[in-house]
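# Architecture and fold: a report
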Amino acid sequence: MMLYVRLFLEFFRAGLFAIGGGMATVPFLQDISRRTGWYTAKDLADMIAVSESTPGPIGVNMATYVGFKTASGQIGSFAGILGAIVATAALVTPSVIIILIIAKFLEKFRDNRYVNAAMYGLRAASVALISAAGISIVLISIFQISSIGEWRKAVFDWRCLVLGAVLLILTRMVPKVKDLHPVIFIAASALAGIAMGL
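Residues numbered from 1 in each chain as written. Predicted model: local features only at pLDDT ≥ 70, side-chain atom pairs only at ≥ 80, totals over all residues. Heavy atoms only, no water.

Our focus in this paragraph is the overall build of the protein chain. From N to C terminus, the protein chain includes nine helices and zero strands. If you list the helices and strands of the protein chain from N to C, you get α-α-α-α-α-α-α-α-α. Within the protein chain, the fraction of its 198 residues that count as buried is 29%. Contacts in the protein chain between residues at least 24 apart in sequence constitute 58% of all its contacts with a sequence separation of at least 6. Carbon and sulfur atoms make up 72% of the accessible area of the protein chain, which totals about 12,400 Å². (Helix = DSSP H or I, 4+ residues; strand = E, 2+ residues; numbered from the N terminus. Buried < 20%, exposed > 50% of the residue type's maximum accessible area, 1.4 Å probe, protein only. Contact = heavy atoms within 4.5 Å. Areas by Shrake-Rupley, 256 points an atom, 1.4 Å probe, with all protein chains shown as cover.)

Ranked by internal contacts, the top residues of the largest apolar core, which has 29 residues, are L7, F11, L29 and Y39. Among the elements of the structure, α1 (2-17), α2 (26-36), α3 (41-53), α4 (58-74), α5 (77-109) and α6 (113-143) are those that each provide at least two residues to this core. Beyond its immediate stretch of four places on either side in the chain, L29 contacts F11, Y39, L44, M62 and V66. (Core = buried A, V, L, I, M, F, W, Y, C linked by side-chain atoms within 4.5 Å.)

We now examine the pattern of salt bridges. Pairing between side chains of opposite charge can happen when the charged atoms of each approach one another. Summed over the entire model, instances satisfying the criterion amount to five salt bridges. Across the salt bridge formed by E10 and R13, the nearest N and O atoms sit 3.7 Å from each other. With E10 and R13 both in helix α1 and three residues apart, this pair spans about one turn of that helix. According to the relative accessible area criterion, R13 is partly exposed, its value standing at 30%. The closest approach of N and O atoms between D31 and R35, which form a salt bridge, is 2.9 Å. (Salt bridge = Lys/Arg side-chain N within 4 Å of Asp/Glu carboxyl O.)

A separate point is the side chain of T70. Considering the arrangement of structural elements, one finds T70 in helix α4. A polar side-chain atom of T70 sits 2.8 Å from the main-chain carbonyl oxygen of V66. In this structure, T70 is in contact with L3 and W38, ignoring residues within four places of it in sequence. (Polar contact = N/O pair within 3.5 Å; in protein donor to acceptor, adjacent residues only side chain to side chain.)

Here α1 crosses α4 at 160°, and the two axes come no closer than 11 Å. Between α1 and α4, the crossing angle belongs to the class labelled roughly antiparallel. Our pair here, α1 against α4, has a crossing hand that is right-handed. Contacts from L3, Y4, L7 and F11 of α1 reach α4 at A63, V66, G67, T70, A71 and Q74. Residue classes in the contact of α1 with α4 are distributed as seven nonpolar, three polar and no charged. (Axes fitted to C-alpha atoms, helices over the stretch in contact; angles between N-to-C directions. Parallel < 35°, antiparallel > 145°, perpendicular 65-115°, else oblique. Left-handed = near helix turned anticlockwise from the far one by under 90°. Nonpolar A, V, L, I, M, F, W, Y, C, P; charged D, E, K, R; others polar.)

What follows deals with the side chain of N61. Following the sequence through the fold, N61 ends up in helix α4. Its relative accessible area of 15% is what places N61 among the buried residues. In contact with N61, not counting residues within four places along its chain, are S51, T54, P55 and G56.

Quick look at a nonpolar patch on the surface now. A grouping of L16, F17, I19, I98, I102, V115, M119 and L122 is seen on the molecular surface, where their side chains present a nonpolar patch of about 610 Å² in accessible area. Examined against the element boundaries, V115 turns out to sit in helix α6. Residue V115 is classed as partly exposed on the basis of its relative accessible area, which comes to 31%. (Patch = residues over 30% accessible without salt bridge, like charges linked within 9 Å, V, L, I, M, F, W, Y side chains within 5 Å.)

An ideal rise of 1.5 Å per residue puts 20 Å on 14 residues; helix α9 (residues 182-195) measures up with 20 Å between its terminal C-alpha atoms. In the stretch just after α9, G197 is the one whose phi turns positive, near 75°. (Expected span 1.5 Å × (residues − 1).)

Written out as structure tokens, the structure reads:
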């Protein structure tokens, strides 16, 4: 029972402060990993890959994945389903509460300059969170480290760089290929990653 409570509290906090969409949850997921040990940096990279490849918002997909993996690993497979539900509900609950509050007062404060200034300021926080997530993904996938502080342990993985460069060239410069559906690129990247042992 305590595991479910902790899952709820951790993901409620992430949902409350991750402003800017699903990628903004990545720094919070890294923090959860460091404090709880529920998953490793490599697991996080795998979660991001799976969440980006599946339908639905990335933050919700990652919460579901972590909840399932953590509860099933510590309690059992059926418990994983409940863990996934708890983590997902915890992540979206703050947004629902905030939207309900904002909807009630929106008419009154729509043209308030302080509210507009606060919303403008939140853009910077959103950019910072998403940038941190992007840097984290590069560090994990290309350099095999989970933070800049671990640079001495960095192992450059040229395969990721080659795969990324090939995809960039194909999607930007080859006319017949760049019009293909994104699912084809996701599937091809997954197969190439498996073949290259990534």
